[in-house]
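Descriptive analysis of the structure
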Amino acid sequence: MVRIVGNDIHGERKMIVGLTEIRGVGYMFANTILNILKIDPNQRIGYLSSEQILSIENIIKNPSGSNFPSWFLNRRKDVETGEDKHLITSDIAFTVRNDVEREKTSGSWRGYRHMFGLKVRGQRTRCTGRKGGAVGVAKGGKVMPTREGAAGAEGAPAAGAEGAPAAGAEGAPAAGAEGAPAAGAEGTAKTKESSGKKEAPAADKKK
């Protein structure tokens, strides 16, 4: 592993590929660094000497000192200093966050677009960049899933409804009524006798 500008790069990677793993260093930027230092782009990054690593770090931190053109840098005419800089690693996210906050506080049109999460750079919004998820009843910003076999469906009669016969009503036969057969009546005795008759020949066959 080789550590360059706080980034651990695997030693088996080629020079031009390994340098692009550093955030803020692109393919052309890495190729220009290797051309200035006269390093083979196809060389494995693990074979770099400590002097070569220091020289690469110095160019990445201060590319203007190595005669890099200004259009190669990613932060030209900085708002605070007015200088041409090249941001790397965590400085990129920090600077972008500060730029967005400055736009919001100044009340610019870009700041308003950032506040409402809309497109900022003039893209069309008629068919893209729309917010929202699936069509349905939303509750608290989320679409509630439908329940299978939910209680209170249209076809099922509710408990205590007018059409449903209530327990103990006049039309419903009560337990122990005259028309209802009681437990242990003659019908059960007949079924036991019939079942005994049917089982007997089966036992004889097995013998």
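Rules used in this analysis
Residues numbered from 1 in each chain as written. Predicted model: local features only at pLDDT ≥ 70, side-chain atom pairs only at ≥ 80, totals over all residues. Heavy atoms only, no water. Helix = DSSP H or I, 4+ residues; strand = E, 2+ residues; numbered from the N terminus. Buried < 20%, exposed > 50% of the residue type's maximum accessible area, 1.4 Å probe, protein only. 1 Å grid on protein atoms, 1.4 Å probe; cavity = no way out; pocket = protein on both sides within 12 Å on 5 of 7 lines; lining within 4 Å. Points joined across faces, edges and corners; volume = space filled by probe spheres on them. Nonpolar A, V, L, I, M, F, W, Y, C, P; charged D, E, K, R; others polar. pLDDT = per-residue confidence, 0-100. Contact = heavy atoms within 4.5 Å. Polar contact = N/O pair within 3.5 Å; in protein donor to acceptor, adjacent residues only side chain to side chain. Core = buried A, V, L, I, M, F, W, Y, C linked by side-chain atoms within 4.5 Å.

**A short note on unusual backbone geometry**
The backbone phi angle of Val5 is positive, close to 50°, even though this residue is not glycine. Its place among the elements puts Val5 in the loop between β1 (2-4) and β2 (7-9). Taking relative accessible area as the criterion, Val5 reaches 15% and is therefore assigned buried. Within the chain, Thr89 stands out as a residue other than glycine whose phi angle is a positive 50°.

**Re the layout of surface pockets**
Space inside the largest pocket adds up to approximately 280 Å³. Secondary structure elements with two or more residues in the lining of the largest pocket: α4 (90-106) and α5 (109-115). Classifying every residue of the lining of the largest pocket gives 5 nonpolar, 3 polar and 5 charged.

**As for the confidence of the model for the chain**
Across the chain, the average pLDDT comes to 76, with 63% of residues at 70 or higher. When the elements of the chain are averaged for pLDDT, helix α6 (residues 186-206) gives the smallest value, 50, and α5 the largest, 94. Below pLDDT 50 for its whole length, residues 171-177 participates in 2 contacts with residues either more than four positions away or in separate chains.

**Structural notes on the environment of Arg3**
For Arg3, the position within the fold is in strand β1. Separated by 54 residues in sequence, Arg3 and Glu57 have C-alpha atoms that sit 10.0 Å apart. Arg3 has contacts with Asp8, Ile53 and Glu57, leaving out every residue within four places of it along the chain. Here the side chain of Arg3 touches Asp8 through a polar contact of 2.8 Å, side chain to side chain.

**A closer look at the nonpolar core**
Core analysis: the biggest nonpolar cluster contains 23 residues, and Ile4, Met15, Leu19, Ile56 and Ile60 have the highest contact counts within it. Of all elements in the fold, only β1, α1 (15-19), α2 (27-37) and α3 (50-61) reach the threshold of two or more residues within this core. Not counting residues up to four positions away in its chain, the partners in contact with Ile60 are Ile4, Val5, Ile22, Val25, Ile33, His86 and Ile88.

**Some words on α2**
One full turn of an α-helix is made of 3.6 residues, so residues set three or four places apart face in the same direction. Along α2, the positions that sit buried rather than exposed are Phe29, Ala30, Thr32, Ile33 and Leu34. Elements that come into contact with the buried residues of α2 comprise α1 and α3. Once α2 ends, the next one or two residues include Lys38, with phi positive near 60°.

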